[in-house]
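Breakdown of the fold
Each chain, written out:
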Amino acid sequence: MAVQWLLVCHGLVTLLVVVSFLCGQWPIFQGTFIQRIHNFLTFGAFDYFRRFVEFVFGSRGSNALYLAQYYCCDRPNPILQAMYLAIVGGTYYLIVYSIFNYIPGHYIGGYHRYTSLLAVSVGILLFLLTSFSDPGTINPENVSKYLSVYPYDNIIYSEKECSTCKILKPARSKHCSICDRCVARFDHHCGWMNNCIGEKNTLYFVMFLLWHFFLCVYGTVAIGLVLAGRLKELEVVYILTAYYGIEDSFRSLAPHVVQWLLGSYNTQILLMVFLAIVSLLLSGFFGYHASLCLSNTTTNETFKWQDYLSWQRKVKEAKASAEALKASLGDLSQERKPPESKWKSFFRRSHLEDVEIVKNNIYDRGFFQNLYEIIYPLSSRPSFSTHNNKLKTG
């Protein structure tokens with residue numbers, strides 16, 4: 001029984017660490033222990049380790065640690081790509097080793113041996129396409145094309161030169177400090193892909209998230225069906241009720257069935273829980289990026305809009321406060337009026353409540369047009385002038 005509880009505790013701790021590391025910065029977790037765990041995992045642990053290395057090895061040790069950090073976090077490297085392949089390969093190996101012996105089963109057919117391999121292969125293919133495709137690199141030869149397809153909104157994008165590439169920056173682009181290049185419709189730099197996510201590979205990235213979500217759900221359901229089949233084939237419920245005198249009800253049988261599963265199939269249970277947790281995380285990531293695609297917004301632009309709207313709100317609040325102060329001073333200079341009722345003063349609308357900031361995204365062209373732009377990027381379409389020249393030549 002101690003082993004089963006140890007496995008349960010291990011699963012809960014793993015879930016807490018994974019959720020804290022990947023989602024600790026989400027607004028819903030602000031001020032909670034999950035955010036504190038995230039801060040420790042992403043900064044605090046490294047800082048304590050740096051102090052320990054500096055104490056033991058001196059400045060040479062800390063300098064070597066900074067160089068390793070620079071290579072791992074600030075320069076292109078295949079570390080996370082190798083980790084992805086190791087996770088996928090290791091998980092699939094465990095599934096083959098511990099699950100395939102029970103396929104075909106009572107609730108699952110033998111063809112799943114082959115469909116599972118096909119599903120994993122498609123996931124790796126999407127990973128390779130996202131990792132090694134051009135995200136939309138901007139250079140002096142194609143900058144004019146990007147300038148024509150993405151107009152400046154003069155709100156979060158205005159005409160200026162890239163200080164590194166020394167070329168005019170098209171709207172919606174950004175110079176990636178890790179890849180050292182300007183990327184069109186820049187979304188973010190993905191360490192797992194060792195590549196930027198931009199105009200030309202956003203579709204691959206979103207498909208990668210969606211496919212891996214379905215892949216994890218498929219694995220979770222398949223393992224669940226295998227375990228349900230084992231319960232049926234070994235007649236566990238019948239044995240518990242007929243030989244052990246346990247009442248034939250879900251509430252009475254469930255603890256004993258779970259105990260039997262944890263004792264007999266702990267590896268399969270851990271795999272199922274792991275795939276279920278990853279599927280939940282992937283559903284959140286896919287939902288977020290899908291909403292960005294359908295509103296024709298990028299991750300980079302969400303941060304720009306947040307900064308802009310916050311600044312605009314502060315400016316308008318300052319103006320409203322100044323007008324309120326001016327009105328109060330004007331009232332003091334006039335004849336003294338009867339004192340206002342305390343109830344009216346309490347329920348009176350504040351001038352700051354009239355402050356309203358509206359996001360004006362000129363790149364949002366509607367659901368279908370936004371989706372079409374993700375599938376068929378603007379810069380990949382022939383321009384109108386080019387089309388006319390082809391007609392004249394023909």
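1. Quick word on the overall build of the chain
The helix and strand tally for the chain stands at 14 helices and 5 strands. Going through the 394 residues of the chain one by one, you find that 34% of them count as buried. Counting only carbon and sulfur atoms, one obtains 64% of the accessible surface of the chain, whose full area is about 24,800 Å².

2. Here's the deal with unusual backbone geometry
Omega for the peptide link from Ile103 to Pro104 comes to 5°, which places this bond in the cis form. Looking at the secondary structure, you find Pro104 in the loop between helix H4 (79-99) and helix H5 (112-132). You will see that Asn154, though not glycine, has its phi angle at about 55°, which is positive. Looking at the element boundaries, Asn154 is found in the loop between helix H6 (143-149) and strand S2 (174-176).

3. Observations concerning the sheet that holds strand S1 (residues 137-138)
Here 3 strands make up an open sheet; going across it, the order is S1-S3-S2 and the pairing antiparallel. Every other strand in the sheet has two partners, leaving S1 and S2 as the edge strands with one partner each. Across 3 bridges, S2 lies against strand S3 (residues 181-183) in antiparallel orientation. Each bridged residue has a counterpart across the sheet, and for Lys174 the counterpart in S3 is Val183.

4. Remarks on empty space enclosed by the protein
Throughout the structure, instances matching the rule amount to 1 cavity of 30 Å³ or more. Estimated volume of the largest cavity: approximately 90 Å³. Together, Arg172, Arg185, Asp187, Gly198, Thr202, His289, Leu292, Cys293, Asn296, Thr297, Thr298 and Ile374 line the largest cavity. The element contributing the most residues to the lining of the largest cavity is helix H10 (residues 266-294), with 3 residues. A per-class count over the lining of the largest cavity returns 3 nonpolar, 6 polar and 3 charged.

5. Remarks on the nonpolar core
Buried together is how nonpolar side chains tend to be arranged in soluble globular proteins. Counting 38 residues, the largest nonpolar core has Phe208, Ile223, Leu227 and Leu261 as its most contacted members. For this core, the secondary-structure elements that each account for two or more residues are H4, H5, helix H7 (202-233), helix H8 (236-242), helix H9 (250-264) and H10. Here the element with the most residues in this core is H7; it accounts for 10 residues. Ignoring sequence-local partners within four residues, the contact set of Phe208 consists of Tyr84, Gly123, Leu126, Phe127, Thr130 and Met193. Of all hydrophobic cores here, the second largest spans 15 residues; its members include Val143, Tyr150, Ile156 and Tyr363.

6. Quick notes on the packing of aromatic side chains
Both the distance between ring centres and the angle between the ring planes are used here to describe each pair of aromatic rings. Applying the stated criterion across every chain yields a total of 15 aromatic pairs. Between the aromatic rings of Trp260 and Tyr265, the centroid separation amounts to 5.5 Å while the plane-to-plane angle is 70°, which identifies the pairing as edge-to-face. Chaining the aromatic ring pairs together yields one cluster made of Tyr84, Phe127 and Phe208. Directly above the aromatic system of Tyr146 lies the positively charged group of Lys145, at a separation of 5.7 Å from the ring centroid.

7. Digging into the pattern of salt bridges
For the structure shown, the criterion picks out 8 salt bridges. Here Asp47 ties to Arg51 by a salt bridge, and the two come within 3.1 Å at their closest N and O atoms. Linking Asp47 with Arg51, this pair stays in helix H2 (residues 33-57), spanning 4 residues, or about one helical turn. What makes Asp47 buried here is its relative accessible area of 14%. Relative accessible area serves as the criterion here: at 48%, Arg51 is assigned to the partly exposed category. The salt bridge partner of Glu373 is Arg365, with a shortest N-O separation of 3.1 Å. Look at Glu373 and you get buried, because its relative accessible area is 0%. Connected through shared salt-bridge partners, Arg172, Arg185, Glu301, Arg365 and Glu373 make up one network.

8. Examining the environment of Ser177
With respect to the element layout, Ser177 can be found in the loop between S2 and S3. Accessibility expressed as a relative area gives 57% for Ser177, which makes it exposed. Put simply, Ser177 and Pro76 are 101 residues apart on the chain and 9.9 Å apart in space, counted from C-alpha to C-alpha. Beyond its immediate chain neighbours, meaning those up to four positions away, Ser177 contacts Asp74 and Arg75.

9. Comments concerning a nonpolar patch on the surface
There is a patch of nonpolar side chains on the surface, built from Val13, Val17, Phe21, Leu22, Phe40, Leu41 and Tyr48 and spanning about 640 Å² of accessible area. Those elements that provide at least two residues to the nonpolar patch are helix H1 (2-23) and H2. Inspection of the secondary structure puts Val13 in helix H1.

10. Some points on H2
At Phe40, H2 shows its maximal kink, close to 50°. Among all positions in H2, only Ile34, His38, Gly44, Asp47, Arg50 and Val53 are buried. Count one or two residues on from H2 and you reach Gly58, which has phi positive near 80°.

11. Overview of the confidence of the model for the chain
For the chain, per-residue confidence averages 85 on the pLDDT scale, and 87% of positions sit at 70 or higher. Contacts from residues 384-394, a stretch scored under 50 in pLDDT, to residues over four places away or in other chains number 0 contacts.

Parameters at a glance
Residues numbered from 1 in each chain as written. Predicted model: local features only at pLDDT ≥ 70, side-chain atom pairs only at ≥ 80, totals over all residues. Heavy atoms only, no water. Helix = DSSP H or I, 4+ residues; strand = E, 2+ residues; numbered from the N terminus. Buried < 20%, exposed > 50% of the residue type's maximum accessible area, 1.4 Å probe, protein only. Areas by Shrake-Rupley, 256 points an atom, 1.4 Å probe, with all protein chains shown as cover. Pairing = 2+ DSSP bridges. 1 Å grid on protein atoms, 1.4 Å probe; cavity = no way out; pocket = protein on both sides within 12 Å on 5 of 7 lines; lining within 4 Å. Points joined across faces, edges and corners; volume = space filled by probe spheres on them. Nonpolar A, V, L, I, M, F, W, Y, C, P; charged D, E, K, R; others polar. Core = buried A, V, L, I, M, F, W, Y, C linked by side-chain atoms within 4.5 Å. Contact = heavy atoms within 4.5 Å. Phe/Tyr/Trp six-rings, centres within 6.5 Å; stacked < 30°, edge-to-face > 60°. Lys NZ or Arg CZ within 6 Å of the ring centre and 35° of its normal. Salt bridge = Lys/Arg side-chain N within 4 Å of Asp/Glu carboxyl O. Patch = residues over 30% accessible without salt bridge, like charges linked within 9 Å, V, L, I, M, F, W, Y side chains within 5 Å. Bend = angle between axes of the 7 residues up to and from the residue. pLDDT = per-residue confidence, 0-100.

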